[in-house]
Amino acid sequence: MAERYPAKNLPQSEIVEAGYLEAMLQHFAASYKLFWLKGIYTEIMKGNRQLEYKRVVARMIAAAWYPVVYFNLNLGHADLLADTIHYVHNVLGVKREEQEETIVTFICESKDRELLKQIKSFTSMVPFRLIRPFYQRELEYEKKVDHTFNDGKVNFLIEKYNKRDHNNALYSMNREEQVLTISPKWAEYIIQNATIIEGWMNYKLIEYIQQRNPNVPAIPFKIFPPVQRNLSDATKYWEVVQRQLHLPDIFTGEAFTSENIQKNGTISIDHFIPWSFVLHDELWNLYPMFKNVNSSKGNKLPDLNRYLESFCEN
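Rules used throughout
- Residues numbered from 1 in each chain as written.
- Predicted model: local features only at pLDDT ≥ 70, side-chain atom pairs only at ≥ 80, totals over all residues.
- Heavy atoms only, no water.
- Helix = DSSP H or I, 4+ residues; strand = E, 2+ residues; numbered from the N terminus.
- Patch = residues over 30% accessible without salt bridge, like charges linked within 9 Å, V, L, I, M, F, W, Y side chains within 5 Å.
- Areas by Shrake-Rupley, 256 points an atom, 1.4 Å probe, with all protein chains shown as cover.
- Salt bridge = Lys/Arg side-chain N within 4 Å of Asp/Glu carboxyl O.
- Expected span 1.5 Å × (residues − 1).
- Bend = angle between axes of the 7 residues up to and from the residue.
- Buried < 20%, exposed > 50% of the residue type's maximum accessible area, 1.4 Å probe, protein only.
- Core = buried A, V, L, I, M, F, W, Y, C linked by side-chain atoms within 4.5 Å.
- Contact = heavy atoms within 4.5 Å.
- 1 Å grid on protein atoms, 1.4 Å probe; cavity = no way out; pocket = protein on both sides within 12 Å on 5 of 7 lines; lining within 4 Å.
- Points joined across faces, edges and corners; volume = space filled by probe spheres on them.
- Nonpolar A, V, L, I, M, F, W, Y, C, P; charged D, E, K, R; others polar.

Caption draft 1: Structural view of unusual backbone geometry. In the Ramachandran plot, A218 falls in the positive-phi region, its phi being about 60 degrees despite a non-glycine side chain. Take A218: it is sitting in the loop between α11 (194-212) and α12 (232-245). Phi at H246 is positive, roughly 50 degrees, even though this residue is not glycine. Within the secondary structure, H246 sits in the loop between α12 and α13 (258-264).

Next up, the structure:
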């Protein structure tokens, strides 16, 4: 029998029809299915085969954390995942640079009612829709004979087919207990081809985010936590410059005197245009500033009407 979804970008397999994995992410208007699949992938690679819905959502949030919170990327005006991430960060107090596993643990253990409500909103549709390609033929038939076809009916049918034929799908669902059970065949395939599958998902994510952030540079480097930065060479350079030119702090207009350092904090070298936007340490964008001023500036773009001219002059 011919494969329903021939694989084009992923390795062929004798144990599963790899094209189903591609079909899961063939069309998506929001990031939910992509991050749900990435969450499942991460759990499979950690050796887990039974996954609570809540834990997969926690993985979704953790995977999208740095693109949203640190790099300020837009996931789309109708995408609610970013709203949940901002709620966890701004209201529940999880810090911007938090580790992925800490974020996952925090969400899994949280009893916050609003967060639980938001988590439930993701699990009401995404688990069904990701595995829809496995049952597309049956759904198309049902749609022809049932004129009341709607989202609720689609979910009902996917769940029915999944219970009857769960061995071929990526996972089987237990909606009552809110648990997924990963298919052993699919777990084996994913582990065997982990590097390629991860790269394929990241490519899909980069493509999705780039479409929604067309003027933002270095998108491929903004889907992961930032790497360690070393500004020691720039610091040495500016020490030499300051000994000769005595340039002022551009945000306060004050000289780097002992008195002003005591008032505004020590001198630090940092980016005029935030590193989280340009994602490089080129010397033209680095400038000495008081530490307290730098901290208050954070990762926001300075007011260019006020500061750009003096920055360029200096």
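Now that the structure is up, let's keep going.
Caption draft 2: View of a nonpolar patch on the surface. On the surface, L301, L304 and L308 cluster together into a nonpolar patch covering about 250 Å² of accessible area. Note that L301 resides in the loop between α15 (291-297) and α16 (304-313).

Caption draft 3: Representation of helix α3 (residues 53-70). Helix length check: α3, at 18 residues, gives a terminal C-alpha distance of 26 Å against a target of 26 Å (1.5 Å per residue), a fit within 8%. At A64, α3 shows its largest bend, some 50 degrees, and a proline, P67, comes one to four positions later. The buried count for α3 comes to 17 of 18 residues, which makes it a mostly enclosed element. Looking one or two residues past α3, N72 carries a phi angle of roughly 55 degrees, positive in sign.

Caption draft 4: Structural view of the nonpolar core. Residues W36, I40, L81, L170 and Y171 are the most contacted members of the largest nonpolar core, which totals 84 residues. For this core, the element with the highest residue contribution is α3, accounting for 14 residues. In this view, L170 contacts M24, L37, L130, I131, F134, T181, I182, S183, W186 and I190; residues no more than four positions away in its chain are not counted. Counting 17 residues, the second largest nonpolar core, distinct from the first, contains W238, F256, F272 and Y307.

Caption draft 5: Main features of the layout of surface pockets. The computed volume of the largest pocket comes to approximately 310 Å³. Lining the largest pocket we find 20 residues, and of these K38, A63, E100, I223 and F224 sit closest to its centre. Secondary-structure elements contributing two or more residues to the lining of the largest pocket are α2 (32-45), α3, α5 (100-109) and α11. Looking at the lining of the largest pocket element by element, the count peaks at five residues for α3. For the lining of the largest pocket, the per-class residue count stands at eleven nonpolar, four polar and five charged.

Caption draft 6: Highlighting the pattern of salt bridges. Evaluated as defined, the whole model comprises ten salt bridges. E101 serves as the salt-bridge partner of R59, at 2.9 Å between the closest nitrogen and oxygen. Linking R59 in helix α3 with E101 in helix α5, this pair joins segments that are 42 residues apart in sequence. Taking relative accessible area as the criterion, R59 reaches 1% and is therefore assigned buried. Between D151 and R129 there is a salt bridge, with its nearest N and O atoms 3.2 Å apart. Here D151 is found in helix α9 (residues 151-164), whereas its partner R129 is found in helix α7 (residues 126-130), with 22 residues between them in sequence. A relative accessible area of 46% means that D151 is categorised as partly exposed.

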